[in-house]
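Spelled out from the first residue to the last, the chains are:
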Amino acid sequence: PAGAGTLQYVSGLAIVVASGTVDVAITNIGIGGSAGAGVLARGQFTPGGGMVREFNPVQVSGANGTVSYWLGGAGTVALTANYWQGV
């Protein structure tokens, strides 16, 4: 999580499923939850599946926000988030 008064700036992300069928969400908490406005990406993917997203303009969290993830199901997933913190 970001420190007091700090924001998260997300410019891109990637989700790649290696095994299993997994429901995956990457969220920008401080805006909303895994089913709300804070969802940066969500989907159910099989092995070899996934997605890549670039954000222009970048996505900004609320103050003291957190970039987080949620996994549903069994499997192995590689997650990448390109972000920085600032005021």
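Residues numbered from 1 in each chain as written. Predicted model: local features only at pLDDT ≥ 70, side-chain atom pairs only at ≥ 80, totals over all residues. Heavy atoms only, no water.

Novice: Lay out the side chain of aspartate 23 in plain terms, naming residues and giving numbers.
Specialist: Within the secondary structure, aspartate 23 sits in strand β2 (residues 22-29). Of the residues examined, aspartate 23 reaches a relative accessible area of 18% and is grouped as buried. Ignoring anything within four residues of it in the chain, the contact list for aspartate 23 reads Arg42, Gly43, Gln44, Trp70, Leu71 and Gly72. (Helix = DSSP H or I, 4+ residues; strand = E, 2+ residues; numbered from the N terminus. Buried < 20%, exposed > 50% of the residue type's maximum accessible area, 1.4 Å probe, protein only. Contact = heavy atoms within 4.5 Å.)

Novice: Got a sec to walk through the side chain of asparagine 28? Specific residues and values, please.
Specialist: Turning to its location among the elements, asparagine 28 is positioned in strand β2. Discounting chain neighbours no more than four positions away, the residues touching asparagine 28 are Gln8, Val10, Gly38, Leu40, Gln59, Val60, Ser61, Thr66 and Val67.

Novice: So, a nonpolar patch on the surface: which residues are in play, and what are the values?
Specialist: A grouping of Tyr69, Leu71 and Leu79 is seen on the molecular surface, where their side chains present a nonpolar patch of about 270 Å² in accessible area. Along the polypeptide, tyrosine 69 turns up in strand β5 (residues 66-72). Tyrosine 69 sits in the exposed class, given a relative accessible area of 52%. (Patch = residues over 30% accessible without salt bridge, like charges linked within 9 Å, V, L, I, M, F, W, Y side chains within 5 Å. Areas by Shrake-Rupley, 256 points an atom, 1.4 Å probe, with all protein chains shown as cover. Salt bridge = Lys/Arg side-chain N within 4 Å of Asp/Glu carboxyl O.)

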